[in-house]
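Here's the letter readout for the chains.
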Amino acid sequence: QVQLVESGGGLVQAGGSLRLSCAASGSILSIPAMNWYRQAPGKQRELVATMTSGGMTNYADSVKGRFTISRDNAKNTVYLQMNSLKPEDTAVYYCNAKVVVPTPTRLYDGWGQGTQVTVSS
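Quick look at the structure, then. (Residues numbered from 1 in each chain as written. Predicted model: local features only at pLDDT ≥ 70, side-chain atom pairs only at ≥ 80, totals over all residues. Heavy atoms only, no water.)

Thoughts on the overall build of the protein
Part 1 of the argument: What the protein contains, in helices and strands, is zero helices and eleven strands.
Part 2 of the argument: Scanning the protein from its N terminus toward the C terminus, one meets helices and strands in the order β-β-β-β-β-β-β-β-β-β-β.
Part 3 of the argument: The C-alpha radius of gyration of the protein comes to 14 Å, within 12% of the 14 Å expected for a compact globule of 121 residues.
Part 4 of the argument: Dimensions of the protein, computed from C-alpha atoms along their principal axes, come out at roughly 50 × 25 × 20 Å.
Part 5 of the argument: For the protein, the proportion of contacts with a sequence separation of at least 24, taken over those separated by at least 6, is 56%.
Part 6 of the argument: Of the roughly 6,100 Å² that the protein leaves accessible, carbon and sulfur atoms contribute 50%. (Helix = DSSP H or I, 4+ residues; strand = E, 2+ residues; numbered from the N terminus. Rg over C-alpha atoms; globule rule 2.2 N^0.38 Å. Contact = heavy atoms within 4.5 Å. Areas by Shrake-Rupley, 256 points an atom, 1.4 Å probe, with all protein chains shown as cover.)

Here it is as structure tokens:
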């Protein structure tokens, strides 16, 4: 019903930058929040950044000042600009969206397929 498609992962050297994108499509009435999570090998998935449709943002302490989340509400797309990357940022990054869908109207928790980010030292 709702699809989330991510792009932009890859391999980068420490200190470099990457930009992730995630586009939502399908039967969408609104998207109150769009988030980025990540999961490193052997670790639990963690919330990296979140942004509401009204523009409020929140970041994990480990990425504050280095990562920036943004949204294009007209395109149902969320971005994650990652600067000053560190080897410890290496993980699979997942897009998550809280989507209001119709018939019946309800909140749907959507996930992307994940994109690998690898930061070499």
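Okay, back to it.
Remarks on the pairing of strand β7 (residues 67–72)
Part 1 of the argument: Of the two faces of β7, the one holding F67, I69 and R71 is buried and the one holding T68, S70 and D72 is not buried anywhere.
Part 2 of the argument: Strand direction decides the pairing type here: β7 and strand β8 (residues 77–82), joined by six bridges, are antiparallel. Residue I69 lies in a different strand from β8, and its bridge partner there is L80. (Buried < 20%, exposed > 50% of the residue type's maximum accessible area, 1.4 Å probe, protein only. Pairing = 2+ DSSP bridges.)

Quick look at the sheet that holds β7
Part 1 of the argument: With respect to topology, four strands assemble into an open sheet ordered β1-β3-β8-β7, the strand pairing being antiparallel. Two strands bound the open sheet, and with one partner strand each, they are β1 (2–7) and β7. Neighbour-to-neighbour, the strand axes of the sheet open up by a mean angle of 15 degrees, direction not taken into account.
Part 2 of the argument: Where strand β3 (residues 18–26) lies against β8, six bridges are found, and the strand directions are antiparallel. (Axes fitted to C-alpha atoms, helices over the stretch in contact; angles between N-to-C directions.)

Here's the deal with the packing of aromatic side chains
Part 1 of the argument: Inspection of every chain in the model, using the stated rule, returns one aromatic pair.
Part 2 of the argument: Taken together, a centroid distance of 5.0 Å and an interplanar angle of 55 degrees make the contact between Y37 and W111 tilted. Taken together, the positions of Y37 in strand β4 (residues 30–39) and W111 in strand β10 (residues 106–111) put the pair 74 residues apart, joining distant regions of the chain.
Part 3 of the argument: Given a relative accessible area of 19%, Y37 falls into the buried group.
Part 4 of the argument: Judged by relative accessible area, W111 falls into the partly exposed class, the value being 34%. (Phe/Tyr/Trp six-rings, centres within 6.5 Å; stacked < 30°, edge-to-face > 60°.)

Here we look at the state of the cysteines
Part 1 of the argument: Counted according to the given criterion, the structure contains one disulfide.
Part 2 of the argument: Two residues, C22 and C95, share a disulfide whose sulfurs are 2.1 Å apart. Around the S-S axis, the bridge from C22 to C95 shows a dihedral of about -80 degrees and counts as left-handed. Taken together, the residues span a long stretch of sequence, with C22 in strand β3 and C95 in strand β9 (residues 91–101) at a distance of 73 residues. When sorted by exposure, C22 lands in the same class as C95, which is buried. (Disulfide = S-S within 2.5 Å.)

A look at the environment of G110
Part 1 of the argument: Relative to the elements of secondary structure, G110 occurs in strand β10.
Part 2 of the argument: Taking relative accessible area as the criterion, G110 reaches 2% and is therefore assigned buried.
Part 3 of the argument: Sequence-wise, G110 and T52 are 58 residues apart; in three dimensions their C-alpha atoms are separated by 15 Å.
Part 4 of the argument: With near-sequence residues (within four places) excluded, G110 lies in contact with L4, C95, N96 and A97.

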